[in-house]
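Descriptive structure summary
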Amino acid sequence: MRPTHILETSLYASDLEAVRHFYGTVLNLPVVFDEPNRHLSFQCGDGILHVFIAEVTRQTESLPAHGADGPGHVALAIPFGQVDAWRARFDQHGISVEDSTTWPHNEQAVSLYVRDPAGNSVELATPELWGLGAGPRDAAVQRIRPHVPVDTDDQRPMEQFQSRTLRPLCKLQNPLILTTVARYLAKYNTGVAQMDRADQEAKVRNLLKEDRRLKRTLVGLIAGHFTEDEFAFYLDHQREVRRRLVALLTQRALDQLQAIVDRT
């Protein structure tokens, strides 16, 4: 027998509100338990990160006492494709990256080191550091995905999915989106090139609203690049994701209408 994974890990601090901002806002980890003047617990994937006030937890009577002095260390996993985005995010929040390392055994094994408000060393590392990276397919689709700078701190899960997944994938697939819409316009011999701008916009908007085959094709261009977790989210919220995605695709087509017309 052996333990299957790390369920909880703990750090120590004295200012829980500063901790809440760093882990909850900067790192965007949801708070799952809040005991005032004692500790905060954050969810990170399938694990829990506790930040305790050591002076309080040393005095506990209901559980074994614990508490450490001096800076601790924790490493949190990030996808390889988000390393540069995390550098930019830390810069946005005025947090210095103390060190950055690409490990010699794997060029995708990268670590960024910052300090939390209590002085703890927080490492953001790609799972390839320990040979625990995403499966080959998930790693590949994340690696080619462009970064779209959107602040998702206050967004709900659906809005975050739109910002972090749908928008980057629409940007990645933009040439295929434009070509697909142009082919459908040419197929129906709409004469879109001879129309004025208003009629062209109306024609494209109507096509994306009414043509089910076109919508299925475009949605497939995006959904085919979901990770397994993203695809599971899509299946759980398929109607809303499709609605949002079609709206994004329609706006993208209208914003690049001349490029579509040139392809017909």
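About the criteria used
- Residues numbered from 1 in each chain as written.
- Predicted model: local features only at pLDDT ≥ 70, side-chain atom pairs only at ≥ 80, totals over all residues.
- Heavy atoms only, no water.
- Helix = DSSP H or I, 4+ residues; strand = E, 2+ residues; numbered from the N terminus.
- Expected span 1.5 Å × (residues − 1).
- Buried < 20%, exposed > 50% of the residue type's maximum accessible area, 1.4 Å probe, protein only.
- Contact = heavy atoms within 4.5 Å.
- Pairing = 2+ DSSP bridges.
- Core = buried A, V, L, I, M, F, W, Y, C linked by side-chain atoms within 4.5 Å.
- Bend = angle between axes of the 7 residues up to and from the residue.
- Axes fitted to C-alpha atoms, helices over the stretch in contact; angles between N-to-C directions.
- Parallel < 35°, antiparallel > 145°, perpendicular 65-115°, else oblique.
- Nonpolar A, V, L, I, M, F, W, Y, C, P; charged D, E, K, R; others polar.

**Some details on helix α10 (residues 238-255)**
In this model α10 runs 25 Å from its N-terminal to its C-terminal C-alpha over 18 residues, within 8% of the 26 Å that 1.5 Å per residue would give. Among the residues of α10, Val241, Arg244, Leu245, Val246, Leu248, Leu249, Thr250, Ala253 and Leu254 are the ones counted as buried. Along its buried surface, α10 packs onto α5 (157-172), α6 (174-187), α7 (197-210), α8 (212-223), α9 (228-236) and α11 (257-263).

**Some words on the pairing of strand β2 (residues 31-35)**
Strand residues, when the strand is regular, have side chains that alternate between the two faces of the sheet. Looking at chain direction, β2 and strand β3 (residues 39-44) are connected through 4 bridges and run antiparallel. Among the inter-strand pairings, glutamate 35 is bridged to a residue of β3, identified as histidine 39. Following β2, the chain reverses through 3 residues before pairing antiparallel with β3; asparagine 37 in that reversal takes a positive phi of roughly 65°.

**Topic: the nonpolar core**
Grouped burial of nonpolar side chains is what soluble globular proteins tend to show. One finds Leu166, Leu218, Ile222 and Phe226 to be the most contacted residues of the largest nonpolar core, which totals 33 residues. Going through the elements one at a time, α5, α6, α7, α8, α9, α10 and α11 are the ones with two or more residues in this core.

**A word on α5**
Relative to the 22 Å expected for 16 residues at 1.5 Å per residue, α5 spans 22 Å between its end C-alpha atoms, a close match to the ideal helical length. Along α5, the largest kink reaches about 30° and is centred on leucine 166; proline proline 168 follows within four residues of it. Among the residues of α5, those classed as buried are Met158, Gln160, Phe161, Gln162, Ser163, Thr165, Leu166, Pro168, Leu169 and Cys170. In the core, the buried residues of α5 are packed alongside α6, α8, α9 and α10.

**What about the packing of α7 against α8?**
Running from N to C, α7 and α8 cross one another at 85°; their axes reach a closest spacing of 6 Å. Taken together, the axes of α7 and α8 lie roughly perpendicular to each other. For the pair formed by α7 and α8, the contact residues are Leu207, Leu208, Lys209 and Glu210 on the first element and Arg212, Leu214, Lys215 and Leu218 on the second. When grouped by side-chain class, the residues that make up the contact of α7 with α8 number 4 nonpolar, no polar and 4 charged.

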